[in-house]
Amino acid sequence: MNKTNFGFLSACLLASAPFSVFAGTTDSFCFNDSSYPVHRDRVCNLEKWVKNQQVPTQLQRLNTENSASLLLQPEDLAGELLLRQNGGVLEVSKRYQNCKDVYESFRNQAHQTAGTIECKAGPNDFVPSSHYGSGNYCSVSGNIETCYSSKLTLAPDAADISQIQPVANYSGNLVKTTRKNELSYRQGYIPVSNGGITFFVKGTVTDRKQTSLVNQQLWTGSIKSPVNPTPYFELTCVGEIRVDPVTISLTYRNANMTQVGFLGGSLISAFDQSQLKKFKQYCTSNVRLSLVNHQDIATGNWSFNFERTGGSYIDELVRFGEQLLKDANYVIAEHNTLQKISTNTNAIKQDILAEVNVNWNNIASTVTVHDFFNAGAIPQRYQGEAYKNILVANTELSVTGDDGQAVPNFALMAQLVEELKGQGISAIGQLFNFSIGYLYDDYFNQKYSDEYLANWDSMIVLSHISGLINDENNDNTIEDLVLRIESLKQSKQEKVQGISAVIEHFLYIVSIADAAEVEKLNELRNKLEKL
């Protein structure tokens, strides 16, 4: 079979960067070390599937013996997924409630966010629980520190257990607290702990004097929320925190709420199909299936079967091919950014700053504020409808640097990280929408190229190296910068070589699949040609 447009496009893409490692024989490729071990294993598993119709594992058991979790390969998510509860009912000794589920219901119905959430016991005598959302943060201007916090308190009425999914009304209020402190500094002693021993070292001590405290009630009322126990199933993308997990809640199965199980019975279609499709699209590594909080189940010797039925290797070739092209675009964009930085000691600082400027301008001048942030982790100040169409460059997220060029407002972004910690954001690099290459307009056109994420990640790395973020590494010498840039160039070169080898082997597999599935491969070709 002649190479598809995907092969031609990959070859053109990789021609912009040198590489020398290609896929040799099947054995040498599949057993050699690789910069992309998951991609290598995946393409080799697909080869077995194509050659021998060797379908991925269809049945695995989940129980306490395997720590209530299974490590799955991407191909294990092909076809229809089922979770089957084995044995009798599952007993719980206490009525634990999932406060996270209650908070999600509140966000969807009240369109508000909170930093701290408390779920009370109510007439069903639930165990009180708490959850942490977003919106608690502090900022400093001059010698005045302003801290914002919000607390949501919700108490359930009696749960309606006549429904398949028990539901309760939760009533309460949301209070925002604004606290201002006057800061002063003095030399003193700071406690430091090491190995369980606390000792004191000399340093600058910050004293805070509260100057004002204002409480404001933002919401009062009630919401409806499913009443779910704490155990739930979760699919997570191993090693990739940017991909949102997919979950299935267990539900209370009797009037006394002492038994738990699946909504709809013991045999269910495993995960929400729209969420699962998005998960499979974004996750390019292995997957872990876990029963979270399984220790809250009082029944011993419980087990579940994870079953996969059906599925087509052609569908998996399409899915992997799409991910592979996006990864190749990402790697080449990273590589090209670094190649523009000279390791000449006189020019390296200027070159680093120039690449930060170029990458940031590419993002800020074309990406809207809502598209910029991770879905579900948009700071409260940017959640209004007005920010849906405002470019990042036209907000305080972008400021003018010392050289007169636009640069990211890293000081503001550090504050936003603090505000969004409850939503899994722990560093400035995680603010950006990792799925930006998958956003489409109303006419189903891709809004942003696959290079945007690479532009952002490269910019963050260079900003850390050069000290633009939090004045880090400002004591680095020119020689230090040269060594770090050279090391980065070498690692990116190896990535280019690694993904080149995977692409070559992938195209070989597509060629041998042609005879068996001509009609389906025509569909595959059409999809690849549109990439």
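Residues numbered from 1 in each chain as written. Predicted model: local features only at pLDDT ≥ 70, side-chain atom pairs only at ≥ 80, totals over all residues. Heavy atoms only, no water.

Colleague: Requested: an account of the overall build of the protein, with residues and values cited.
Modeller: Looking only at helices and strands, the protein has 12 helices and 18 strands in total. Counting over 531 residues, the protein shows a buried share of 47%. Looking at the protein alone, contacts between residues at least 24 apart form 71% of all its contacts between residues at least 6 apart. Here the protein displays about 25,800 Å² of accessible surface, and carbon together with sulfur accounts for 48% of that area. (Helix = DSSP H or I, 4+ residues; strand = E, 2+ residues; numbered from the N terminus. Buried < 20%, exposed > 50% of the residue type's maximum accessible area, 1.4 Å probe, protein only. Contact = heavy atoms within 4.5 Å. Areas by Shrake-Rupley, 256 points an atom, 1.4 Å probe, with all protein chains shown as cover.)

Colleague: Explain the packing of aromatic side chains residue by residue, including any values.
Modeller: If you walk through the whole model with that rule in mind, you get 20 aromatic pairs. Their ring planes at 65° and their centres at 6.5 Å tell us that Trp-49 and Tyr-313 sit as a pair that is edge-to-face. Here Trp-49, found in helix α3 (residues 37-52), pairs with Tyr-313, found in helix α6 (residues 313-339); they are 264 residues apart in sequence, far enough to count as distant. Each ring, one from Phe-372 and one from Phe-373, has its centre 5.0 Å from the other, and the planes form 85°; the classification is edge-to-face. For the residue pair Phe-372 and Phe-373, the accessibility class agrees, reading buried in each case. An aromatic cluster is present here, built from Trp-360, Phe-372, Phe-373, Tyr-382, Tyr-387, Phe-432 and Trp-456 joined pairwise through their rings. (Phe/Tyr/Trp six-rings, centres within 6.5 Å; stacked < 30°, edge-to-face > 60°.)

Colleague: Let's hear about the packing of helix α7 (residues 348-364) against helix α11 (residues 478-513): which residues, and what values?
Modeller: Axis separation between α7 and α11 bottoms out at 10 Å; the angle between their running directions is 55°. Taken as axis vectors, α7 and α11 run oblique relative to one another. Between α7 and α11, the residues in contact are Ile-348, Lys-349 and Ile-352 and Ile-478, Leu-481, Val-482 and Ile-485, respectively. Along the lines of polarity and charge, the residues of the contact of α7 with α11 split into six nonpolar, no polar and one charged. (Axes fitted to C-alpha atoms, helices over the stretch in contact; angles between N-to-C directions. Parallel < 35°, antiparallel > 145°, perpendicular 65-115°, else oblique. Nonpolar A, V, L, I, M, F, W, Y, C, P; charged D, E, K, R; others polar.)

Colleague: Just give me the short version of α3, but keep the residues and values in it.
Modeller: In this model α3 runs 22 Å from its N-terminal to its C-terminal C-alpha over 16 residues, within 8% of the 22 Å that 1.5 Å per residue would give. Of the positions making up α3, those classed as buried are His-39, Arg-40, Arg-42, Val-43, Cys-44, Leu-46, Glu-47, Trp-49 and Val-50. (Expected span 1.5 Å × (residues − 1).)

Colleague: Give me the confidence of the model for the protein: which residues, what numbers.
Modeller: Across the protein, the average pLDDT comes to 83, with 88% of residues at 70 or higher. Scored below 50 in pLDDT, residues 1-24 shows 53 contacts in the model against residues more than four places distant or in partner chains. Segment residues 527-531: pLDDT under 50, and nine contacts once partners within four positions in sequence are set aside and those in other chains are kept. (pLDDT = per-residue confidence, 0-100.)

Colleague: I'd like to hear about a nonpolar patch on the surface, residue by residue, with values.
Modeller: Taken together, the side chains of Ile-190, Val-192, Ile-197, Phe-199 and Val-201 make up a nonpolar region of the molecular surface, amounting to roughly 370 Å² of accessible area. In terms of residue count, the dominant contributor to the nonpolar patch is strand β10 (residues 197-226) (three residues). Classification of Val-201 as partly exposed rests on a relative accessible area of 32%. (Patch = residues over 30% accessible without salt bridge, like charges linked within 9 Å, V, L, I, M, F, W, Y side chains within 5 Å. Salt bridge = Lys/Arg side-chain N within 4 Å of Asp/Glu carboxyl O.)

Colleague: So what about the nonpolar core? Which residues, and what values?
Modeller: Membership of the largest hydrophobic core comes to 123 residues, with the highest contact counts inside it found for Phe-233, Leu-235, Phe-372 and Trp-456. Discounting chain neighbours no more than four positions away, the residues touching Phe-233 are Leu-62, Leu-83, Val-246, Thr-247, Ile-248, Leu-250, Phe-262, Leu-289, Ser-290, Leu-291 and Phe-304. (Core = buried A, V, L, I, M, F, W, Y, C linked by side-chain atoms within 4.5 Å.)

Colleague: An account of the pairing of strand β12 (residues 246-252) is requested, with residue identities and associated values reported.
Modeller: The side chains of a regular strand alternate between both faces of the sheet. Most of β12 is tucked away: five of the seven residues are buried. Pairing analysis gives three bridges linking β12 to strand β13 (residues 259-262), with the strands arranged antiparallel. Following the sheet pairing, Tyr-252 is matched in β13 by Val-260. Where β12 hands over to β13, the hairpin turn is made up of six residues, of which Met-257 adopts a positive phi near 60°. (Pairing = 2+ DSSP bridges.)

Colleague: Account for the state of the cysteines, with residues named and values stated.
Modeller: Within this structure, the stated rule accounts for four disulfides. The disulfide bridge from Cys-99 ends at Cys-119, spanning 2.1 Å between sulfur atoms. The sign of the S-S torsion, about 85°, decides the handedness of the disulfide formed by Cys-99 and Cys-119: right-handed. You can see Cys-99 sitting in helix α4 (residues 99-110) and its partner Cys-119 sitting in strand β5 (residues 116-119), a full 20 residues away along the chain. Assigned by exposure class, Cys-99 and Cys-119 land together as buried. (Disulfide = S-S within 2.5 Å.)

Colleague: Account for unusual backbone geometry, naming residues and giving values.
Modeller: Even without being glycine, His-111 reaches a positive phi, approximately 55°. You can see His-111 is positioned in the loop between α4 and β5. Its identity as a non-glycine residue notwithstanding, Phe-444 has a phi of 65°, on the positive side. Note that Phe-444 resides in the loop between α9 (410-419) and α10 (451-466).

Colleague: With reference to specific residues and values, describe the sheet that holds β12.
Modeller: Across the sheet, six strands lie side by side as β2-β15-β11-β12-β13-β4; this open sheet has antiparallel pairing. The open sheet is flanked by β2 (69-72) and β4 (90-91), the only strands paired with a single partner. In this sheet, β12 lies alongside strand β11 (residues 232-237) in antiparallel orientation, the contact comprising four bridges. Opposite Phe-233, over in β12, you have Ile-248 as the bridge partner. Helix α5 (residues 273-282) contacts β11, β12 and β15 (287-292) of the sheet and is inclined by roughly 25° relative to β11.

Colleague: Explain the side chain of Asp-351 residue by residue, including any values.
Modeller: Mapping Asp-351 onto the fold places it in helix α7. In this structure Asp-351 is buried but unpaired, with Lys-489 as the nearest side chain of opposite charge at 7.7 Å. At 2.8 Å, the side chain of Asp-351 and the backbone nitrogen of Ser-342 are in polar contact. Beyond its immediate sequence surroundings of up to four residues, Asp-351 is in contact with Lys-340, Ile-341 and Ser-342. (Lys, Arg positive; Asp, Glu negative; His and termini not counted. Polar contact = N/O pair within 3.5 Å; in protein donor to acceptor, adjacent residues only side chain to side chain.)

Colleague: Give me the lowdown on the packing of α7 against α10, citing residues and values where you can.
Modeller: Axis separation between α7 and α10 bottoms out at 9 Å; the angle between their running directions is 145°. As α7 packs across α10, the resulting crossing turns out to be left-handed. On the side of α7, the interface is formed by Ile-352, Glu-355, Val-356, Asn-359, Trp-360, Asn-362 and Ile-363, while α10 contributes Tyr-452, Asn-455, Trp-456, Ser-458, Met-459, Leu-462, Ser-463 and Ser-466. Of the residues in the contact of α7 with α10, the class split is eight nonpolar, six polar and one charged. (Left-handed = near helix turned anticlockwise from the far one by under 90°.)

Colleague: Outline the environment of Lys-94, listing residues and values.
Modeller: Within the secondary structure, Lys-94 sits in the loop between β4 and α4. Relative accessible area serves as the criterion here: at 46%, Lys-94 is assigned to the partly exposed category. A sequence separation of 165 residues divides Lys-94 from Gln-259, and the C-alpha atoms of the two residues are 9.9 Å apart.

Colleague: So, the pattern of salt bridges: which residues are in play, and what are the values?
Modeller: Where charged atoms from two side chains of opposite charge come close, those side chains can pair. Throughout the structure, instances matching the rule amount to 17 salt bridges. A salt bridge links Arg-186 to Asp-207; its shortest N-O distance comes to 2.7 Å. Of this pair, Arg-186 sits in strand β9 (residues 167-194) while Asp-207 is found in strand β10, placing the two residues 21 residues apart along the sequence. Under the relative-accessibility criterion, Arg-186 is labelled partly exposed at 42%.

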